Amino acid sequence: MTLLTVRDLAVEFRSGVRAVDGLDLDLDTGRVLGVVGESGSGKSVTSLAVLGLLRDAQVSGEIRFDGQELTALDRRALRRLRGNRIAMIFQDPLSCLNPYYSVAFQIAEAYRAHHRAGRKQAHRVAVRMLDRVGIPEPERRARCYPHEFSGGMRQRVMIAMALCLEPDLLIADEPTTALDVTVQAQILQLLRELREEAGTAIMLITHDMGVVAGLADQVVVMHQGRAVERGPVRDVFHRPQEPYTRGLLACVPRIDGPLPDRLPTLGAIT
Amino acid sequence: MTVIRKLVSQRSAALAFAVVAGLVLLAVAAPLITWIAGSSPTAFHGDAVDPGLGGLPRGAAGGISARHWLGVEPVNGRDVLARVVYGAQVSLLIAVLATVLSVLLGTALGLVAGFFGGWVDTVIGRTMDLLLSFPSLIFMIALISAAPGTDRRLLLVVVLGFFGWPYVGRIVRGQAMVLARGEFVAAARVLGASRRALLVREVLPNLTGPVLVVATMSIPGYIATEAGLSFLGVGVQAPTPSWGQMIATAVPWYASDPAYFLIPGVFLFVTVLAFNVLGDAVRDALDPRSQRR
Amino acid sequence: MILYLLRRLAVTAAILLVICAATFAIFYLMPADPAQGACGKACSPERITEIRTTLGLNHSPLSQFGDYLTGIVSGRTYGTGEHAVNCPFPCLGFSFQTNQPVWQMLTSRLPASFSIAVGAAVLWLAVGVAAGVVSALRCGSLWDRAAMTAALGGVSLPIYFTALVLQYLLVVQLDLLPYPQVEPLTTDPVGWAQSMVMPWITLAMLYAGIYARVTRGEMLESLGQNYVRTARAKGLPEITVVRRHALRPALMPIVTIFGMDLGALLGGALITESVFGLPGVGKLAADAISSADQPVILGVTLFAASFVVLANLLVDLVYAVLDPRVRAVG
């Protein structure tokens, strides 16, 4: 069943920059859609446009979520949707968490924004979520502040915050970018498990083809605000049609492949 | 020069720049203006005041007339215009010299502290912290009132500069610390440049921007503080004119001769405002980070 | 946390000592003979010698400073035998003009200074912070530009000028208020409020300008933070996003400057009190300066400095409570 349909999406900033230009996306319930492209290709802007979080920008086109046209919703209805049915996690979790509040408070806050729940009840939800995303000693750690956590733990907190309301769609914008390689693998494993357990659809935004290969079912390759190639991950990886996609793939060093003298740059290919 | 072009492109900054330029002109041309107007800042005009009314100026609006363009002081009848333009001279001179002094002290000490670090940094840093947490206004008053002599202009410069340098020093120190670890300084060091050459040729030129910003932004503060001290009777002493002192002498007359406090007050307000606008504009022009503010 | 507290207390005590020494040193630079000041104009040389002995002016500066500090900590006795004058703790000496103990003069002036400072602070915090927040939320709008122009005007207004203009308009021209004069809050609350309105507005115009500018800058900074985006993405109502995630961090620097400003004002709003003739600590200082009443000047300087330094300490402690990152370090 189709969960999210984007048709002819265009985003133009007040400065005149056209970040997204005629983009189509389709995401089914419980599936993972990888959106890849280099920085500036418009993938993050797309995710913010879906949530209606863009400022100083003109958004046109259709964004249909579970039968609702998001661009037609008023601010109130859009707010009820955010966090509750569409949740988002970002890269650099340290700057995305407010340093002045405990992690449990920030998770509970998301829960209470959409549920009638007392502080205590919301706190229990937060502790349960921390436990679920693999934070050891969740009851003690719940009262800690973001600066007392490591990078990987912070991203787990962000994921706990996003998933405490059991959203239908999780938008993960570069969820592993600022993290160490081993921590990256843990976070990806966590996302994989959550998807299998809760059936959450994920829109995975990344520049890293390796991340997409590990998690996504479908993939869309973006370049300069447009989709240049799309299809099942297997097809796109094995039989890339576009030179740009081949370039992106060539940027991923392979453990089993021959070691190139130097990684190719995209400028040389496109 | 790009800074000036940027400034002029903003309407408010251009206006402020014009006002400041006008004031400087007024101060520099004070002797010429008083010569044209045929007045002097110190001459008494007993005929311009009415002893029957306790010395109130004759005529409306503080005695404004063809002879006295901005009126006269009550009781002794000194020409207000002459005192205002000579007051501008005093105000601007003290503020500019105090700025120069604080910039020199602040740059030198901040540079040494930030560049060399260690115990030098500790001593200078602590001194700056101490001076910044001092209740400086009351200290200035105590210090100046304790000092001998009646011509306090030089003393004002020294005191203002002394309490002002830590603001410059703090910024220079921070910048110097960053620059001292910068790559181009490391490169120069590798090339065998001496410490002195490093400081003067590599670090100092990179500080002109921030120092210019603090300097511009501190001038209105000095003008206001000088006027405040003069208002309280510890600043510039009569017969040397000063705006703050003029307003102070106008206090007993505020109900019967409002023009007497309004004229120097408006001059003081406009001057401080113009410098503040200019300071903001210079900061915006030189510090890209603050532009969106 | 306790270690942090002790360290801060030690630093505060050290700063106070330095301020004490600096103030005392200033008065040694003073050419006027304190004995002459204490005695008045028509004074016999014998009397001056006598006073010199009583005040301990024959001792070395260092031992005089020691005596002064002892006086503050535990009180002291001037002179010996039948002429001995006891000055109880905390002894800051006696005024040359009125012969009253300086400490008593200071404490009797505190209520007026408190009334002025606290009332003005409430006013400027409310107006300044609110204007700054709205300006930041509507950055670039007509309101923003108007408010920031007004704020810059407020910052540039000399206090005594504002005071005179207000007094001229409200008292002389419109006859809305009586001439300022402190009425005790307890017996005449209306008179008290009436006498305070102009000093409050005068001070608030200056400080509200400063606070509006700082608040706007800090709000713009915090509104651009990633955690504000996170808060919106969670589906929090916009008012909660602004209040909890943008305003709270923006208020931290404001706490700092507010503590310093209030501390400075509690130690006497020198100019405001002088212009309106309100009997606060600041007026005491201004009067003492014009009459060269050294013990009072010395006392006021120390007194005001203590307020600033203690406010500094308090700010640091409040900061440690409010900011979890500082709390953890302490």
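Residues numbered from 1 in each chain as written. Chains lettered and ligands numbered in written order. Predicted model: local features only at pLDDT ≥ 70, side-chain atom pairs only at ≥ 80, totals over all residues. Heavy atoms only, no water.

Identification of chain B as Peptide ABC transporter permease from Kitasatospora aureofaciens is taken from an unreviewed UniProt entry. Recorded under Subcellular location (unreviewed entry), the UniProt text for chain B is reproduced unchanged: "Cell membrane". (UniProt positions renumbered as here; feature names shortened; annotations may be inferred.)

The name an unreviewed UniProt entry gives chain A is ABC transporter domain-containing protein, with Kitasatospora aureofaciens as the organism. UniProt lists a comment for chain A under the heading Subcellular location (unreviewed entry), and it reads "Cell membrane". Comment text from UniProt for chain A, heading Sequence similarities (unreviewed entry), reads "Belongs to the ABC transporter superfamily."

Colleague: For this particular structure, what's the right way to read the overall build of chain A?
Modeller: Counting its secondary structure elements, chain A contains twelve helices and ten strands. Taken along the three principal axes of its C-alpha coordinates, chain A extends 55 × 45 × 35 Å. Residues counted as buried form 53% of the 270 residues belonging to chain A. Per element, the accessible surface of chain A, about 12,800 Å² overall, is 46% carbon and sulfur. (Helix = DSSP H or I, 4+ residues; strand = E, 2+ residues; numbered from the N terminus. Buried < 20%, exposed > 50% of the residue type's maximum accessible area, 1.4 Å probe, protein only. Areas by Shrake-Rupley, 256 points an atom, 1.4 Å probe, with all protein chains shown as cover.)

Colleague: Even after reading the chapter, I still don't get the interface of chain B and chain C, so can you show me in this structure?
Modeller: You'll often see interface size given as the accessible area lost when the parts meet. At the interface, 38 residues of chain B touch 43 residues of chain C. Summing both sides of the interface, chain B and chain C together bury roughly 3,500 Å²; the carbon and sulfur share of this comes to 78%. For the interface between chain B and chain C, the tally reads one salt bridge. Note that D280 of chain B is salt-bridged to R213 of chain C, the shortest N-O span being 2.8 Å. (Contact = heavy atoms within 4.5 Å. Buried area = accessible area lost by both parts, 1.4 Å probe. Salt bridge = Lys/Arg side-chain N within 4 Å of Asp/Glu carboxyl O.)

Colleague: Teacher, can you tell me more about the pairing of strand β10 (residues 226–232) of chain A here?
Modeller: Both faces of the sheet carry side chains from a regular strand, because those side chains alternate between them. All names here are of chain A. Pairing of strand β9 (residues 218–223) with β10, which is carried by six bridges, proceeds in the antiparallel orientation. Counted as the bridge partner of M222 is A227 from β10. Linkage of β9 to β10, two consecutive antiparallel strands, is achieved through a turn of two residues, within which Q224 is found at a positive phi near 50 degrees. (Pairing = 2+ DSSP bridges.)

Colleague: Explain the confidence of the model for chain B here, please?
Modeller: Low pLDDT means the predicted coordinates in that region are not meant to be read closely. Looking at chain B as a whole, the pLDDT averages 79, with 80% of positions reaching at least 70. Looking at the elements of chain B, mean pLDDT is at its lowest for helix α1 (residues 2–9) of chain B, recorded as 62, and at its highest for helix α4 (residues 80–116) of chain B, recorded as 87. (pLDDT = per-residue confidence, 0-100.)

Colleague: I keep staring at the pairing of strand β1 (residues 2–13) of chain A and nothing clicks. Help me out?
Modeller: Residues and elements named next belong to chain A. Here eight bridges tie β1 to strand β2 (residues 18–28), and the two strands are oriented antiparallel to one another. Paired with A10 across the two strands is D21, which belongs to β2. What sits between β1 and β2 in their antiparallel hairpin is a turn of four residues, with G16 showing a positive phi close to 100 degrees. Pairing of β1 with strand β4 (residues 57–65) involves eight bridges; the strand directions are antiparallel. Of the residues in β4, the one forming a bridge with L4 is F65.

Colleague: Any chance you could explain the UniProt feature "domain: ABC transporter" (unreviewed entry) in chain A here in plain terms?
Modeller: As recorded in UniProt, the sites labelled "domain: ABC transporter" (unreviewed entry) are residues 4–249 of chain A. Each end of residues 4–249 of chain A is marked by a C-alpha atom, and these two atoms are 26 Å apart; helix forms 41% of the span and strand 26%.

Colleague: How should the interface of chain A and chain C be read in this particular structure?
Modeller: Facing the 29 residues of chain A at the interface are 22 residues of chain C. Of the roughly 2,300 Å² buried between chain A and chain C, counting both surfaces, carbon and sulfur atoms make up 58%. Of all residues in chain A, Y100, Y101 and E109 of chain A give up the largest surface area on contact with chain C, accounting jointly for 28% of the area buried on that side. Run the count over chain A and chain C and you get two salt bridges. Residues E109 of chain A and R244 of chain C are paired through a salt bridge, measuring 2.6 Å at the closest nitrogen-oxygen approach. Inspection of the region where chain A meets chain C yields twelve residue pairs in polar contact (both at pLDDT 80 or more). Secondary structure elements with two or more residues in the side of chain A that touches chain C: α1 (43–51), α2 (75–81), β6 (86–89), α3 (93–96), α4 (103–114) and α7 (151–163) of chain A. Broken down by class, the residue content of the side of chain A that touches chain C amounts to 17 nonpolar, six polar and six charged. (Polar contact = N/O pair within 3.5 Å; in protein donor to acceptor, adjacent residues only side chain to side chain. Nonpolar A, V, L, I, M, F, W, Y, C, P; charged D, E, K, R; others polar.)

Colleague: When you look at the sheet that holds β6 of chain A in this model, what are you seeing that I'm missing?
Modeller: For sheets, the rule is that strands pair by backbone hydrogen bonds, running either parallel or antiparallel. Residues and elements named next belong to chain A. Read across the sheet, six strands follow the order β6-β7-β8-β3-β9-β10 without closing on themselves; strand pairing throughout is mixed. Edge positions in the sheet fall to β6 and β10, since each of these pairs with one other strand and no more. Across the sheet, the axes of successive neighbouring strands diverge by a mean angle of 15 degrees, strand direction being ignored. Bridge count between β6 and strand β7 (residues 169–173): four bridges; the pairing is parallel. (Axes fitted to C-alpha atoms, helices over the stretch in contact; angles between N-to-C directions.)

Colleague: Hey, could you run me through the packing of aromatic side chains in this one?
Modeller: Aromatic ring pairs: the centre-centre distance and the angle between the two ring planes describe each pair. All names here are of chain C. Going through the model one piece at a time under the given rule, you end up with 15 aromatic pairs over all chains. Ring plane angle 50 degrees and centroid distance 5.3 Å describe the contact between F24 and F65, whose orientation is recorded as tilted. You can see F24 sitting in helix α1 (residues 2–29) and its partner F65 sitting in helix α4 (residues 61–74), a full 41 residues away along the chain. The class for F24 is buried, based on a relative accessible area of 11%. The class for F65 is buried, based on a relative accessible area of 15%. When the centroid spacing of 5.7 Å and the interplanar angle of 55 degrees are considered together, the rings of W124 and Y211 count as tilted. Of this pair, W124 sits in helix α5 (residues 102–137) while Y211 sits in helix α8 (residues 189–223); the two residues are 87 residues apart in sequence, bridging distant segments of the chain. (Phe/Tyr/Trp six-rings, centres within 6.5 Å; stacked < 30°, edge-to-face > 60°.)

Colleague: Would you mind showing me how to read the side chain of T215 of chain C here?
Modeller: Residues and elements named next belong to chain C. On the secondary structure map, T215 appears in helix α8. Polar side-chain contacts of T215 include one of 2.5 Å to the backbone oxygen of Y211. Excluding residues that lie within four positions of it along the chain, T215 makes contacts with G128, V129, G132, V133 and I254.

Colleague: Is there a simple way to think about the side chain of T206 of chain A in this case?
Modeller: Residue and element names in this part refer to chain A. Mapped onto the elements, T206 comes out in strand β8 (residues 201–206). Here D208 takes part through its backbone nitrogen, which lies 2.8 Å from a polar atom of the side chain of T206. The residues contacting T206, other than those within four sequence positions of it, are V35, V36, G37, K43, E174, V211 and V212.

Colleague: What am I meant to see in the environment of D280 of chain B here?
Modeller: Note on placement: D280 of chain B falls in helix α12 (residues 258–286). Not counting residues within four places of it along the chain, the set of residues in contact with D280 of chain B comprises M217 of chain B together with L152 and R213 of chain C.

Colleague: Explain the environment of M158 of chain A here, please?
Modeller: Inspection of the secondary structure puts M158 of chain A in helix α7. Its relative accessible area of 1% is what places M158 of chain A among the buried residues.

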